[in-house]
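A look at the structure
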Amino acid sequence: MSHHNFAFKNLKKSFGLASPTETLSVKFTKRIRMGVPPALREQVWWLTSGAYQKYENAKSLNNDEKSYEQLLQYVKTQGLDNSNLANIPVANDIEKDLHRTFPNNSNFLEEEGINSLRRLLHAYSVRNPEVGYCQSMNFLAALLLLNMEEDRAFWTLAAIIEDLLPSEFYTKNMVGSRAEQRVLLSCLKWKLPRLHAHFVTIGVAPSSDSEDCVPLLEPLTCTWYLCLFLNSLSLESSLRVWDAFLHEGRKVLLRIGLTVLYSAQEALLKCDDLCGVYEVLRNNSCIRANSNGNNATQQVPMITSDNLINMSYDKSWIGSFPHGKIDDLREKHRMKVAEEVKEIEERRRVREEKEAKRKKEKEKEVEEEVEEEVEEEEEADDFVHIEKDMDFVIEETNQRIAALSVVRDPAASTSSSAGKRSSLFMMINTN
(Lines give C-alpha, C1' and ligand atoms only; values in the text may rest on other atoms or scores of the structure.)
Protein backbone atom coordinates (compact mmCIF):
# COMPACT_ATOMS: atom_id res chain seq x y z
CA MET A 1 0.00 0.00 0.00
CA SER A 2 1.39 3.43 -0.97
CA HIS A 3 2.10 6.19 1.56
CA HIS A 4 -0.80 8.17 0.10
CA ASN A 5 -3.39 5.39 0.27
CA PHE A 6 -2.33 4.37 3.77
CA ALA A 7 -2.58 7.97 4.98
CA PHE A 8 -5.93 8.58 3.35
CA LYS A 9 -7.39 5.36 4.76
CA ASN A 10 -6.59 6.57 8.28
CA LEU A 11 -7.93 10.06 7.61
CA LYS A 12 -11.12 8.68 6.11
CA LYS A 13 -11.77 6.71 9.27
CA SER A 14 -10.95 9.57 11.64
CA PHE A 15 -12.36 12.56 9.74
CA GLY A 16 -15.14 10.88 7.77
CA LEU A 17 -13.76 11.87 4.37
CA ALA A 18 -15.14 10.30 1.20
CA SER A 19 -12.27 11.28 -1.11
CA PRO A 20 -8.94 13.14 -1.05
CA THR A 21 -10.63 16.25 -2.48
CA GLU A 22 -12.54 16.58 0.77
CA THR A 23 -9.30 17.63 2.46
CA LEU A 24 -10.10 21.02 0.91
CA SER A 25 -13.60 21.20 2.35
CA VAL A 26 -14.77 23.67 4.98
CA LYS A 27 -15.58 20.79 7.32
CA PHE A 28 -12.07 19.41 7.11
CA THR A 29 -10.52 22.87 7.57
CA LYS A 30 -12.53 23.42 10.75
CA ARG A 31 -11.38 20.07 12.08
CA ILE A 32 -7.76 20.97 11.36
CA ARG A 33 -8.09 24.29 13.17
CA MET A 34 -9.41 22.46 16.21
CA GLY A 35 -6.11 20.59 16.35
CA VAL A 36 -4.90 17.35 14.79
CA PRO A 37 -4.64 14.40 17.20
CA PRO A 38 -0.96 13.45 17.69
CA ALA A 39 -1.61 9.93 16.39
CA LEU A 40 -2.86 11.37 13.08
CA ARG A 41 -0.47 14.27 12.70
CA GLU A 42 1.95 12.40 10.42
CA GLN A 43 -0.74 11.36 7.97
CA VAL A 44 -2.46 14.76 8.01
CA TRP A 45 0.76 16.68 7.41
CA TRP A 46 1.80 14.19 4.75
CA LEU A 47 -1.41 14.74 2.80
CA THR A 48 -2.25 18.40 3.37
CA SER A 49 1.25 19.76 2.70
CA GLY A 50 1.48 18.13 -0.70
CA ALA A 51 4.54 16.15 0.40
CA TYR A 52 3.03 12.88 -0.75
CA GLN A 53 2.75 14.30 -4.29
CA LYS A 54 6.42 15.20 -4.30
CA TYR A 55 7.20 11.68 -3.12
CA GLU A 56 5.13 10.19 -5.92
CA ASN A 57 6.75 12.48 -8.50
CA ALA A 58 10.21 11.37 -7.40
CA LYS A 59 9.16 7.74 -7.89
CA SER A 60 8.00 8.44 -11.44
CA LEU A 61 10.34 7.58 -14.30
CA ASN A 62 9.10 10.56 -16.32
CA ASN A 63 11.09 13.22 -14.48
CA ASP A 64 14.61 13.86 -13.23
CA GLU A 65 13.75 14.20 -9.53
CA LYS A 66 15.82 11.98 -7.27
CA SER A 67 14.28 9.95 -4.49
CA TYR A 68 15.35 10.47 -0.89
CA GLU A 69 17.34 7.23 -1.03
CA GLN A 70 19.19 8.41 -4.15
CA LEU A 71 20.00 11.74 -2.53
CA LEU A 72 21.32 9.97 0.56
CA GLN A 73 23.47 7.75 -1.61
CA TYR A 74 24.94 10.80 -3.31
CA VAL A 75 25.60 12.41 0.07
CA LYS A 76 27.37 9.27 1.22
CA THR A 77 29.35 8.89 -2.03
CA GLN A 78 30.59 12.47 -1.81
CA GLY A 79 31.39 12.08 1.86
CA LEU A 80 29.20 15.05 2.74
CA ASP A 81 27.80 13.35 5.83
CA ASN A 82 31.21 13.32 7.47
CA SER A 83 31.08 15.48 10.58
CA ASN A 84 34.75 16.50 10.06
CA LEU A 85 34.17 18.32 6.74
CA ALA A 86 34.70 21.79 8.20
CA ASN A 87 36.18 23.05 4.90
CA ILE A 88 32.85 22.69 3.06
CA PRO A 89 30.63 25.68 3.96
CA VAL A 90 27.25 23.89 3.84
CA ALA A 91 28.54 20.86 5.75
CA ASN A 92 30.18 23.14 8.31
CA ASP A 93 27.01 25.21 8.82
CA ILE A 94 24.87 22.09 9.24
CA GLU A 95 27.31 20.54 11.69
CA LYS A 96 27.44 23.66 13.87
CA ASP A 97 23.64 23.76 14.17
CA LEU A 98 22.97 20.07 14.86
CA HIS A 99 23.64 20.23 18.59
CA ARG A 100 21.89 23.59 18.94
CA THR A 101 18.62 22.07 17.78
CA PHE A 102 16.15 21.51 20.63
CA PRO A 103 19.03 20.85 23.06
CA ASN A 104 16.62 19.84 25.82
CA ASN A 105 14.84 17.25 23.69
CA SER A 106 16.06 13.72 24.39
CA ASN A 107 15.64 12.72 20.73
CA PHE A 108 18.46 15.06 19.74
CA LEU A 109 20.72 14.26 22.65
CA GLU A 110 21.37 10.82 21.19
CA GLU A 111 23.50 10.04 18.15
CA GLU A 112 20.64 8.39 16.28
CA GLY A 113 18.54 11.57 16.32
CA ILE A 114 21.50 13.76 15.36
CA ASN A 115 22.43 11.44 12.46
CA SER A 116 18.86 11.48 11.17
CA LEU A 117 18.79 15.28 11.25
CA ARG A 118 22.20 15.45 9.56
CA ARG A 119 21.13 13.11 6.76
CA LEU A 120 17.92 15.00 6.10
CA LEU A 121 19.58 18.43 5.95
CA HIS A 122 22.41 17.24 3.72
CA ALA A 123 19.98 15.49 1.38
CA TYR A 124 17.95 18.67 1.02
CA SER A 125 21.04 20.79 0.39
CA VAL A 126 21.83 18.46 -2.52
CA ARG A 127 18.25 18.53 -3.82
CA ASN A 128 18.06 22.33 -3.71
CA PRO A 129 21.57 23.81 -4.08
CA GLU A 130 20.16 27.31 -4.57
CA VAL A 131 19.02 27.18 -0.95
CA GLY A 132 21.60 24.72 0.32
CA TYR A 133 21.24 25.24 4.03
CA CYS A 134 19.99 28.23 5.99
CA GLN A 135 19.96 28.62 9.74
CA SER A 136 16.55 27.75 11.20
CA MET A 137 15.98 24.96 8.68
CA ASN A 138 17.40 22.67 11.36
CA PHE A 139 14.42 23.47 13.60
CA LEU A 140 11.90 22.82 10.82
CA ALA A 141 13.52 19.48 10.02
CA ALA A 142 13.73 18.55 13.70
CA LEU A 143 10.03 19.21 14.36
CA LEU A 144 9.13 17.13 11.32
CA LEU A 145 11.35 14.27 12.54
CA LEU A 146 9.62 14.37 15.92
CA ASN A 147 6.30 13.74 14.20
CA MET A 148 7.11 11.77 11.04
CA GLU A 149 9.32 9.06 9.56
CA GLU A 150 12.56 10.38 8.12
CA ASP A 151 11.66 10.07 4.43
CA ARG A 152 8.26 11.71 4.98
CA ALA A 153 9.90 14.47 7.00
CA PHE A 154 12.24 15.12 4.07
CA TRP A 155 9.45 15.49 1.52
CA THR A 156 7.39 17.63 3.88
CA LEU A 157 10.37 19.95 4.35
CA ALA A 158 10.66 20.15 0.56
CA ALA A 159 6.95 21.02 0.29
CA ILE A 160 7.28 23.75 2.92
CA ILE A 161 10.28 25.44 1.30
CA GLU A 162 9.33 24.94 -2.35
CA ASP A 163 5.54 25.25 -2.31
CA LEU A 164 4.03 26.63 0.88
CA LEU A 165 6.43 29.52 1.46
CA PRO A 166 7.28 32.29 -1.02
CA SER A 167 10.29 31.73 -3.25
CA GLU A 168 13.71 32.86 -1.98
CA PHE A 169 12.54 32.47 1.60
CA TYR A 170 15.72 30.68 2.70
CA THR A 171 18.16 31.84 0.03
CA LYS A 172 21.20 33.94 0.87
CA ASN A 173 19.43 37.28 0.34
CA MET A 174 16.13 36.06 1.92
CA VAL A 175 14.04 38.28 -0.34
CA GLY A 176 10.94 36.14 0.23
CA SER A 177 11.06 36.12 4.02
CA ARG A 178 11.92 39.83 4.29
CA ALA A 179 9.07 40.77 1.96
CA GLU A 180 6.69 38.65 4.02
CA GLN A 181 7.65 40.59 7.14
CA ARG A 182 6.87 43.84 5.34
CA VAL A 183 3.46 42.41 4.43
CA LEU A 184 2.89 41.80 8.15
CA LEU A 185 3.60 45.47 8.94
CA SER A 186 1.28 46.60 6.12
CA CYS A 187 -1.46 44.43 7.57
CA LEU A 188 -0.71 45.84 11.02
CA LYS A 189 -1.57 49.29 9.66
CA TRP A 190 -4.71 47.83 8.10
CA LYS A 191 -5.94 45.63 10.97
CA LEU A 192 -4.44 47.34 14.05
CA PRO A 193 -4.14 51.03 13.08
CA ARG A 194 -3.83 52.26 16.67
CA LEU A 195 -0.83 50.03 17.38
CA HIS A 196 0.74 50.85 14.04
CA ALA A 197 0.39 54.59 14.70
CA HIS A 198 2.13 54.13 18.06
CA PHE A 199 4.96 52.18 16.41
CA VAL A 200 5.42 55.02 13.93
CA THR A 201 5.47 57.58 16.78
CA ILE A 202 8.24 55.75 18.67
CA GLY A 203 10.17 55.03 15.47
CA VAL A 204 9.66 51.27 15.34
CA ALA A 205 7.79 51.20 12.02
CA PRO A 206 7.85 53.43 8.91
CA SER A 207 4.85 55.68 8.42
CA SER A 208 4.14 54.27 4.97
CA ASP A 209 5.08 51.30 2.80
CA SER A 210 6.93 53.60 0.42
CA GLU A 211 9.18 55.09 3.10
CA ASP A 212 12.79 54.24 2.36
CA CYS A 213 13.85 52.57 5.60
CA VAL A 214 14.12 49.08 7.06
CA PRO A 215 11.50 48.38 9.77
CA LEU A 216 13.20 48.03 13.15
CA LEU A 217 10.96 45.09 14.01
CA GLU A 218 12.58 42.93 11.31
CA PRO A 219 15.22 41.31 13.56
CA LEU A 220 12.41 40.00 15.75
CA THR A 221 9.84 39.11 13.10
CA CYS A 222 12.63 37.43 11.12
CA THR A 223 12.84 34.78 13.83
CA TRP A 224 9.07 34.32 13.75
CA TYR A 225 9.04 33.67 10.04
CA LEU A 226 12.26 31.72 9.48
CA CYS A 227 11.41 29.29 12.30
CA LEU A 228 7.68 29.38 11.50
CA PHE A 229 7.07 30.44 15.13
CA LEU A 230 8.81 27.37 16.57
CA ASN A 231 11.14 29.39 18.80
CA SER A 232 8.51 31.98 19.67
CA LEU A 233 5.56 29.90 20.83
CA SER A 234 5.13 26.96 23.14
CA LEU A 235 5.49 23.56 21.47
CA GLU A 236 1.75 22.93 21.78
CA SER A 237 0.93 26.25 20.13
CA SER A 238 3.57 25.69 17.45
CA LEU A 239 2.07 22.33 16.51
CA ARG A 240 -1.38 23.89 16.23
CA VAL A 241 0.03 26.63 13.98
CA TRP A 242 1.74 24.02 11.82
CA ASP A 243 -1.48 21.99 11.57
CA ALA A 244 -3.19 25.00 10.00
CA PHE A 245 -0.17 26.23 8.03
CA LEU A 246 0.47 22.91 6.26
CA HIS A 247 -3.20 22.83 5.24
CA GLU A 248 -3.96 26.49 4.46
CA GLY A 249 -0.56 27.89 3.55
CA ARG A 250 1.36 31.09 4.28
CA LYS A 251 -1.68 33.22 5.19
CA VAL A 252 -1.73 31.38 8.52
CA LEU A 253 1.66 32.89 9.41
CA LEU A 254 0.27 36.34 8.74
CA ARG A 255 -2.73 35.70 10.97
CA ILE A 256 -0.56 34.34 13.80
CA GLY A 257 1.87 37.26 13.60
CA LEU A 258 -0.98 39.76 13.87
CA THR A 259 -2.57 37.77 16.69
CA VAL A 260 0.66 37.87 18.73
CA LEU A 261 0.76 41.66 18.30
CA TYR A 262 -2.97 41.97 19.03
CA SER A 263 -2.65 39.92 22.22
CA ALA A 264 0.15 42.15 23.46
CA GLN A 265 -1.34 45.38 22.15
CA GLU A 266 -2.11 47.06 25.48
CA ALA A 267 1.40 46.37 26.79
CA LEU A 268 2.97 47.50 23.52
CA LEU A 269 1.05 50.79 23.59
CA LYS A 270 2.80 51.57 26.88
CA CYS A 271 6.27 51.11 25.38
CA ASP A 272 8.29 54.26 24.75
CA ASP A 273 11.02 52.82 22.55
CA LEU A 274 12.25 49.84 20.59
CA CYS A 275 13.80 48.17 23.64
CA GLY A 276 10.45 48.10 25.40
CA VAL A 277 8.75 46.61 22.35
CA TYR A 278 11.43 43.92 22.10
CA GLU A 279 11.09 43.13 25.79
CA VAL A 280 7.35 42.55 25.52
CA LEU A 281 7.50 40.53 22.31
CA ARG A 282 10.52 38.46 23.29
CA ASN A 283 8.79 37.32 26.45
CA ASN A 284 5.78 36.28 24.38
CA SER A 285 3.93 35.66 27.60
CA CYS A 286 0.71 36.05 25.68
CA ILE A 287 1.43 32.52 24.50
CA ARG A 288 4.30 30.94 26.40
CA ALA A 289 4.37 30.20 30.12
CA ASN A 290 7.63 29.94 32.00
CA SER A 291 8.81 26.80 33.77
CA ASN A 292 6.54 27.11 36.80
CA GLY A 293 3.46 27.90 34.71
CA ASN A 294 3.23 31.56 35.67
CA ASN A 295 3.28 34.47 33.25
CA ALA A 296 6.78 35.54 32.27
CA THR A 297 5.59 39.16 32.21
CA GLN A 298 2.58 40.41 34.14
CA GLN A 299 1.87 43.07 31.53
CA VAL A 300 0.53 40.56 29.00
CA PRO A 301 -2.11 37.94 29.81
CA MET A 302 -1.31 34.44 28.70
CA ILE A 303 -3.67 32.63 26.35
CA THR A 304 -3.97 28.98 25.49
CA SER A 305 -3.15 27.46 22.12
CA ASP A 306 -6.91 27.07 21.50
CA ASN A 307 -7.46 30.77 22.12
CA LEU A 308 -4.48 31.65 19.94
CA ILE A 309 -5.92 29.81 16.93
CA ASN A 310 -9.46 31.03 17.58
CA MET A 311 -8.30 34.64 17.91
CA SER A 312 -6.39 34.40 14.64
CA TYR A 313 -9.66 33.64 12.83
CA ASP A 314 -11.88 35.99 14.85
CA LYS A 315 -13.53 38.23 12.26
CA SER A 316 -14.53 40.79 14.89
CA TRP A 317 -11.02 42.23 14.79
CA ILE A 318 -8.99 40.54 12.09
CA GLY A 319 -11.63 40.25 9.40
CA SER A 320 -10.73 38.67 6.08
CA PHE A 321 -7.59 38.68 3.93
CA PRO A 322 -8.58 39.06 0.26
CA HIS A 323 -6.06 37.09 -1.81
CA GLY A 324 -5.77 39.86 -4.38
CA LYS A 325 -4.87 42.52 -1.83
CA ILE A 326 -2.36 40.31 -0.02
CA ASP A 327 -0.76 39.24 -3.31
CA ASP A 328 -0.44 42.89 -4.37
CA LEU A 329 1.20 43.78 -1.06
CA ARG A 330 3.53 40.81 -1.33
CA GLU A 331 4.62 41.73 -4.86
CA LYS A 332 5.14 45.39 -3.95
CA HIS A 333 7.29 44.56 -0.95
CA ARG A 334 9.15 41.87 -2.83
CA MET A 335 10.17 44.37 -5.48
CA LYS A 336 11.20 46.87 -2.81
CA VAL A 337 13.32 44.32 -0.95
CA ALA A 338 14.87 43.11 -4.23
CA GLU A 339 15.89 46.71 -4.99
CA GLU A 340 17.42 47.05 -1.52
CA VAL A 341 19.34 43.82 -1.99
CA LYS A 342 20.55 44.99 -5.41
CA GLU A 343 21.72 48.30 -3.94
CA ILE A 344 23.52 46.52 -1.11
CA GLU A 345 25.22 44.15 -3.54
CA GLU A 346 26.23 47.08 -5.75
CA ARG A 347 27.72 48.94 -2.77
CA ARG A 348 29.53 45.76 -1.77
CA ARG A 349 30.84 45.34 -5.33
CA VAL A 350 32.11 48.94 -5.43
CA ARG A 351 33.70 48.56 -2.00
CA GLU A 352 35.41 45.31 -3.00
CA GLU A 353 36.67 46.90 -6.23
CA LYS A 354 38.12 49.83 -4.26
CA GLU A 355 39.75 47.48 -1.78
CA ALA A 356 41.16 45.41 -4.64
CA LYS A 357 42.48 48.58 -6.31
CA ARG A 358 44.09 49.79 -3.07
CA LYS A 359 45.61 46.37 -2.55
CA LYS A 360 46.96 46.37 -6.10
CA GLU A 361 48.41 49.88 -5.68
CA LYS A 362 50.01 48.85 -2.41
CA GLU A 363 51.52 45.79 -4.03
CA LYS A 364 52.81 47.98 -6.87
CA GLU A 365 54.39 50.38 -4.36
CA VAL A 366 56.08 47.46 -2.62
CA GLU A 367 57.34 46.13 -5.96
CA GLU A 368 58.73 49.57 -6.90
CA GLU A 369 60.48 49.84 -3.52
CA VAL A 370 62.00 46.41 -4.02
CA GLU A 371 63.12 47.36 -7.54
CA GLU A 372 64.75 50.55 -6.22
CA GLU A 373 66.59 48.57 -3.55
CA VAL A 374 67.77 46.09 -6.15
CA GLU A 375 68.99 48.93 -8.42
CA GLU A 376 70.86 50.54 -5.52
CA GLU A 377 72.50 47.23 -4.68
CA GLU A 378 73.47 46.73 -8.33
CA GLU A 379 74.93 50.26 -8.50
CA ALA A 380 76.93 49.56 -5.34
CA ASP A 381 78.20 46.30 -6.81
CA ASP A 382 79.19 48.14 -10.03
CA PHE A 383 81.15 50.73 -7.99
CA VAL A 384 82.99 47.96 -6.13
CA HIS A 385 83.89 46.32 -9.43
CA ILE A 386 85.10 49.67 -10.83
CA GLU A 387 87.33 50.20 -7.77
CA LYS A 388 88.79 46.74 -8.15
CA ASP A 389 89.43 47.34 -11.85
CA MET A 390 91.15 50.66 -11.09
CA ASP A 391 93.35 49.03 -8.50
CA PHE A 392 94.34 46.41 -11.02
CA VAL A 393 95.15 49.01 -13.71
CA ILE A 394 97.20 51.08 -11.27
CA GLU A 395 99.14 48.07 -10.11
CA GLU A 396 99.85 46.97 -13.66
CA THR A 397 100.92 50.50 -14.68
CA ASN A 398 103.27 50.78 -11.73
CA GLN A 399 104.86 47.47 -12.63
CA ARG A 400 105.44 48.60 -16.22
CA ILE A 401 106.99 51.91 -15.07
CA ALA A 402 109.23 50.08 -12.69
CA ALA A 403 110.34 47.74 -15.43
CA LEU A 404 111.16 50.67 -17.77
CA SER A 405 113.15 52.38 -15.04
CA VAL A 406 115.30 49.31 -14.61
CA VAL A 407 116.06 49.17 -18.30
CA ARG A 408 117.03 52.85 -18.54
CA ASP A 409 118.96 53.19 -15.23
CA PRO A 410 119.63 49.88 -13.57
CA ALA A 411 121.61 51.54 -10.75
CA ALA A 412 118.82 53.88 -9.82
CA SER A 413 116.00 51.43 -10.15
CA THR A 414 116.32 50.04 -6.70
CA SER A 415 116.44 53.35 -4.90
CA SER A 416 113.83 55.23 -6.87
CA SER A 417 111.21 52.60 -7.70
CA ALA A 418 109.25 53.08 -4.52
CA GLY A 419 109.22 56.85 -4.94
CA LYS A 420 108.01 56.62 -8.51
CA ARG A 421 105.17 54.30 -7.63
CA SER A 422 104.15 56.63 -4.87
CA SER A 423 104.26 59.59 -7.23
CA LEU A 424 102.17 57.73 -9.80
CA PHE A 425 99.51 56.87 -7.21
CA MET A 426 99.34 60.49 -6.16
CA MET A 427 99.09 61.67 -9.76
CA ILE A 428 96.33 59.24 -10.66
CA ASN A 429 94.34 59.95 -7.50
CA THR A 430 94.69 63.70 -8.12
CA ASN A 431 93.43 63.37 -11.66
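See the structure shown above.
Figured I'd write up the structure that's included with this text. (Residues numbered from 1 in each chain as written. Predicted model: local features only at pLDDT ≥ 70, side-chain atom pairs only at ≥ 80, totals over all residues. Heavy atoms only, no water.)

**A closer look at the overall build of the chain**
The condition that has to hold: Secondary structure is summarised from DSSP: a helix means a run of H or I of at least four residues, a strand means a run of E of at least two, and numbering begins at the N terminus for each. Under the scheme applied here, a residue whose accessible area is under 20% of the maximum for its type counts as buried, over 50% as exposed, and between as partly exposed, the area being computed with a 1.4 Å probe on protein chains only. Contact criterion: two residues are considered in contact whenever any of their non-hydrogen atoms come within 4.5 Å of each other. Areas reported as accessible are Shrake-Rupley estimates using a 1.4 Å probe. Residue values count occlusion only from the protein chains shown.
If you tally the helices and strands in the chain, you get 19 helices and 0 strands. Looking at the 431 residues of the chain, the share that counts as buried comes to 45%. Restricting the contact set of the chain to residue pairs at least 6 apart, pairs at least 24 apart contribute 70%. Just so you have it, the chain exposes about 23900 Å², and 51% of that area is on carbon and sulfur atoms.

**Thoughts on helix H16 (residues 274–283)**
The line we're drawing: Polar contact criterion, stated in full: a pair of N or O atoms within 3.5 Å, where within protein one must be able to donate a hydrogen and the other to accept it, and residues adjacent in sequence count only if both atoms are side-chain atoms.
Turning to H16, its buried residues are Gly-276, Val-277, Tyr-278, Val-280 and Leu-281. Buried residues in H16 make contact with helix H11 (193–201), helix H12 (218–226), helix H14 (251–263) and helix H15 (265–268). You can read the cap of H16 off the contacts: a side-chain oxygen lies 3.3 Å from the backbone nitrogen of Cys-275, and it is on Asp-273.

**With respect to the nonpolar core**
Heads up, the rule is: Only buried residues count toward a nonpolar core, which is a set of Ala, Val, Leu, Ile, Met, Phe, Trp, Tyr and Cys residues joined through side-chain atoms within 4.5 Å.
By size, the foremost hydrophobic cluster in this structure holds 102 residues, and its most contacted members are Tyr-170, Phe-199, Trp-242 and Leu-281. Examining the composition of this core, we find that 9 residues originate from one element, helix H9 (residues 150–164), more than from any other.

**Remarks on helix H5 (residues 68–77)**
What sets the pattern is the α-helix's 3.6 residues per turn: residues three or four places apart point alike. Worth spelling out the cut-off: By definition, the arc is the one covered by directions from the helix axis to the C-beta atoms.
Those residues of H5 not exposed but buried are Tyr-68, Leu-71 and Val-75. Down the axis of H5, the smallest arc covering the buried residues is 65 degrees, so these residues share one side. Pointing more than 90 degrees away from the buried face of H5 are the exposed residues Glu-69, Lys-76 and Thr-77. Of the surrounding elements, those touching the buried residues of H5 are helix H7 (111–127) and H9. Gly-79 occupies a position one or two residues after H5 and carries a positive phi of about 70 degrees.

**Details of the side chain of Ser-136**
Relative to the assigned elements, Ser-136 resides in the loop between H7 and helix H8 (137–147). Assessed through its relative accessible area of 7%, Ser-136 is described here as buried. There is a polar contact of 3.2 Å between the side chain of Ser-136 and the backbone oxygen of Leu-226. Beyond its immediate stretch of four places on either side in the chain, Ser-136 contacts Tyr-170, Leu-226 and Cys-227.

**Some words on the environment of Ala-58**
Residue position: Ala-58 is located in helix H4 (residues 51–59). Overall, the relative accessible area of 8% leaves Ala-58 in the buried class. Through-space distance from the C-alpha of Ala-58 to that of Trp-155 is 9.8 Å; in sequence the pair is 97 residues apart.

**Regarding unusual backbone geometry**
Look at Glu-168: it is not a glycine, yet its phi comes out positive at around 60 degrees. Tracing the backbone through its elements, the reader meets Glu-168 in the loop between H9 and helix H10 (175–191). For Glu-168, a relative accessible area of 30% translates into the label partly exposed. The backbone of Met-174 sits at a positive phi, close to 50 degrees, despite the residue not being glycine. Structurally, the position occupied by Met-174 is in the loop between H9 and H10.

**Overview of a positive patch on the surface**
Let me state the cut-off plainly: To count toward a patch, a residue needs a relative accessible area over 30% and no salt bridge; like charges are then connected within 9 Å, while nonpolar side chains (Val, Leu, Ile, Met, Phe, Trp, Tyr) are connected within 5 Å. Note on definitions: salt bridges are taken to be side-chain nitrogens of Lys or Arg within 4 Å of carboxyl oxygens of Asp or Glu. Just so you know, the count uses Lys and Arg for positive and Asp and Glu for negative, and it drops His and the chain ends. Charged groups are reduced to one reference atom each: NZ for lysine, CZ for arginine, CG for aspartic acid, CD for glutamic acid.
Among the surface-exposed residues, Lys-172, Arg-347, Arg-348 and Arg-351 lie close enough to one another that they form a single positively charged patch. Following the sequence through the fold, Lys-172 ends up in the loop between H9 and H10.

**Remarks on the pattern of salt bridges**
Within the structure shown, the criterion is met by 22 salt bridges. Glu-340 serves as the salt-bridge partner of Arg-178, at 3.2 Å between the closest nitrogen and oxygen. Pair noted here: Arg-178 is in helix H10 and Glu-340 is in helix H18 (residues 323–408), with a separation of 162 residues, a long-range link. In terms of burial, Arg-178 and Glu-340 fall into one category: buried.

**Observations regarding the packing of aromatic side chains**
Condition: Centres within 6.5 Å are what make two rings of Phe, Tyr or Trp a pair, Trp counting through its six-membered ring; a difference in plane orientation under 30 degrees is then read as stacked, over 60 as edge-to-face, and the rest as tilted. A ring is scored as having a charge over it whenever the NZ atom of a lysine or the CZ atom of an arginine sits within 6 Å of its centre and within 35 degrees of its normal.
Using the criterion set out here, one finds 12 aromatic pairs in the structure. Here Trp-190 and Phe-321 contribute two aromatic rings whose centre-to-centre distance is 5.9 Å and whose plane-to-plane angle is 75 degrees, an arrangement assigned as edge-to-face. Taken together, the residues span a long stretch of sequence, with Trp-190 in helix H10 and Phe-321 in the loop between helix H17 (305–312) and H18 at a distance of 131 residues. With a centroid separation of 4.0 Å and an interplanar angle of 5 degrees, the aromatic rings of Tyr-262 and Trp-317 are classed as stacked. Note that Tyr-262 is positioned in helix H14 and Trp-317 in the loop between H17 and H18, a separation of 55 residues in sequence. Among the aromatic residues, those joined into a ring-pair cluster are Tyr-68, Tyr-124, Phe-154 and Trp-155. Sitting over the ring of Tyr-313, Arg-33 keeps its end group 3.6 Å from the ring centre.

**So, the state of the cysteines**
Defined as follows: In this description, a disulfide is simply a cysteine sulfur pair whose atoms lie within 2.5 Å.
By the definition in use, this model includes 0 disulfides. Free of any disulfide, Cys-222 has its nearest cysteine sulfur in Cys-134, 8.1 Å distant. With relative accessibility at 18%, the residue Cys-222 sits in the buried group.

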